[in-house]
Amino acid sequence: MKAWRFYGFGDLRLDEIPTPQLRPRHVLAQVLVVQPSVTEAQLAAGVRTLAYERIKKRLETEAPVQLFGHEFCVRIVEVGPGVTRFKPGDRVAARAKLPCEFCPLCDSGRGHLCRKGPIIGFQLPGCFSEYAILPENALTLVDDRISDNEAACLQSLSDSVASVETAEIKVGDSVAFLGQGSMGIECMQIAKVSGAGKIITVDVRDEACKLSKQLGADYAINATREDPVAAIRDLTGGNGADIVFECAGGSPTQGLAGTGSVSQAIDAVRSGGKIIGVSWFGSPFELDVDLLRERSLRYLFPDISTLEHLQHTVSLAASGRVNMKPMITHVLDGIENVPKAFEITANKGKFQAINPAQVRMAE
Ligand SMILES: [Zn+2]
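Residues numbered from 1 in each chain as written. Predicted model: local features only at pLDDT ≥ 70, side-chain atom pairs only at ≥ 80, totals over all residues. Heavy atoms only, no water.

## Topic: the coordination of the zinc ion
Then comes step 1: On the protein side, the zinc ion has Cys-100 (SG), Cys-103 (SG), Cys-106 (SG) and Cys-114 (SG) as donor atoms, found 2.3 to 2.4 Å from it.
Then comes step 2: For the zinc ion, the four donor atoms in the first shell make angles of 105 to 114° at the metal, a pattern classed as tetrahedral. (Donors = N, O, S within 2.8 Å, 3.2 Å for Na, K, Ca; no water. Tetrahedral: all angles 85-135°; square planar, octahedral: opposite > 155°, others 65-115°.)

What follows is the structure, given as structure tokens:
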């Protein structure tokens, strides 16, 4: 089969390799649509972010190596021994982070807290190839009402579902979202159907603000023209929002907000309110913790998504309660276009992309 393999940061080659062997409790699947995550696109180019050191080490010791590709829609070709939930022909999508199934947490039914299991695309080969071997416990059936392109967004959407659950929104809570990239817009839509009251979003791109309003925000603030903290306070009676999702931070060279969005979140949330930290920053930064302490703020980080989150995600997408279609702005045709998808996804601002760029690999 054809598979993209990494020989180093920025060195991606389309190789002919043997189709991998089926194992117990795994399926062999044909890849239909795949997209790099923003993190993967940054790592591919050697940008410091989540898991940079681990990927660097794998490249130094194992190259050429199949990396990345955990956001996908695939069709099952064959199931291995012990697979009970799927059959050949099923379309499935996946969550990325898996429980190890052996540690005390997994043994006691708390596998969602386990961090010892593999991540698809990082420890296990992902889907930048014609075929892939995937573990059954990662997968969920895709409803017929969801297209292949939308299904490739379900992994990221399930992380957003987990993030919104972490926020424990009370009915009527005012919620602000800093950053309306794909996860920001996803979290906004999920919060709206999970009881949020007034919804205020912030971005620096007009097209993101427009899409955000179209998909349900009550107010979409362009931070290049208006102070977002002042605007959020004005819209919440001077106190600040009950909950602020920080989805804007990260490397400014990729068009992200650096660490300034964390200070903005602290200033924009009411005392006793919650900040949900969705962004990854790639390196340490200073934070005045006394500000959080003094105002009894809760700075929370999302749980990882479970199979239950993923299944709820399918129901949100299938019923139309969350709409991903307008977010899918770039679809490329054919496996040879994978590097282009990485380039667009690593520079979404420049290419006016909202969702990562997708690659259609097969019909
Ligand atoms: Zn475990």
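Now that the structure has been shown, the text picks up again.
## Regarding the pattern of salt bridges
Then comes step 1: For the structure shown, the criterion picks out 15 salt bridges.
Then comes step 2: Arg-360 serves as the salt-bridge partner of Asp-148, at 3.0 Å between the closest nitrogen and oxygen. Remark: Arg-360 occurs in strand 15 (residues 358–360) and Asp-148 occurs in helix 4 (residues 148–151); sequence separation between them is 212 residues.
Then comes step 3: Judged by its relative accessible area of 14%, Arg-360 is buried.
Then comes step 4: Where salt bridges share partners, they join Arg-91, Asp-148 and Arg-360 into one cluster. (Salt bridge = Lys/Arg side-chain N within 4 Å of Asp/Glu carboxyl O. Helix = DSSP H or I, 4+ residues; strand = E, 2+ residues; numbered from the N terminus. Buried < 20%, exposed > 50% of the residue type's maximum accessible area, 1.4 Å probe, protein only.)

## Observations regarding the packing of helix 5 (residues 154–167) against helix 11 (residues 307–318)
Packed helices, taken two at a time, are described by their axes: the angle between them and the distance between them.
Then comes step 1: In contact at an axis separation of 8 Å, helix 5 and helix 11 are set at 105° when each is read in the N-to-C sense. One finds that helix 5 runs roughly perpendicular with respect to helix 11. Where helix 5 approaches helix 11, its residues Leu-154, Leu-157, Ser-158, Val-161, Ala-162 and Glu-165 are matched on the opposing element by His-309, Leu-310, His-312, Thr-313, Val-314, Leu-316 and Ala-317.
Then comes step 2: When the residues that make up the contact of helix 5 with helix 11 are grouped by side-chain class, the tally is eight nonpolar, four polar and one charged. (Axes fitted to C-alpha atoms, helices over the stretch in contact; angles between N-to-C directions. Parallel < 35°, antiparallel > 145°, perpendicular 65-115°, else oblique. Contact = heavy atoms within 4.5 Å. Nonpolar A, V, L, I, M, F, W, Y, C, P; charged D, E, K, R; others polar.)

## Digging into the packing of aromatic side chains
Then comes step 1: The tally for this structure, following the rule as stated, stands at nine aromatic pairs.
Then comes step 2: Seen from their ring centres, Phe-177 and Phe-245 are 4.8 Å apart, and the 20° between their planes marks the pair as stacked. Here the residue Phe-177 occupies a position in strand 8 (residues 175–178), and Phe-245 occupies one in strand 11 (residues 241–246), the gap between them amounting to 68 residues. For the residue pair Phe-177 and Phe-245, the accessibility class agrees, reading buried in each case.
Then comes step 3: When the centroid spacing of 4.8 Å and the interplanar angle of 35° are considered together, the rings of Tyr-299 and Phe-301 count as tilted.
Then comes step 4: Here the aromatic residues Phe-6, Phe-68, Phe-122, Phe-128 and Phe-342 are joined through ring pairs into a cluster of three or more.
Then comes step 5: Sitting above the plane of the Tyr-7 ring, Arg-13 keeps its charged end 3.7 Å from the centroid. (Phe/Tyr/Trp six-rings, centres within 6.5 Å; stacked < 30°, edge-to-face > 60°. Lys NZ or Arg CZ within 6 Å of the ring centre and 35° of its normal.)

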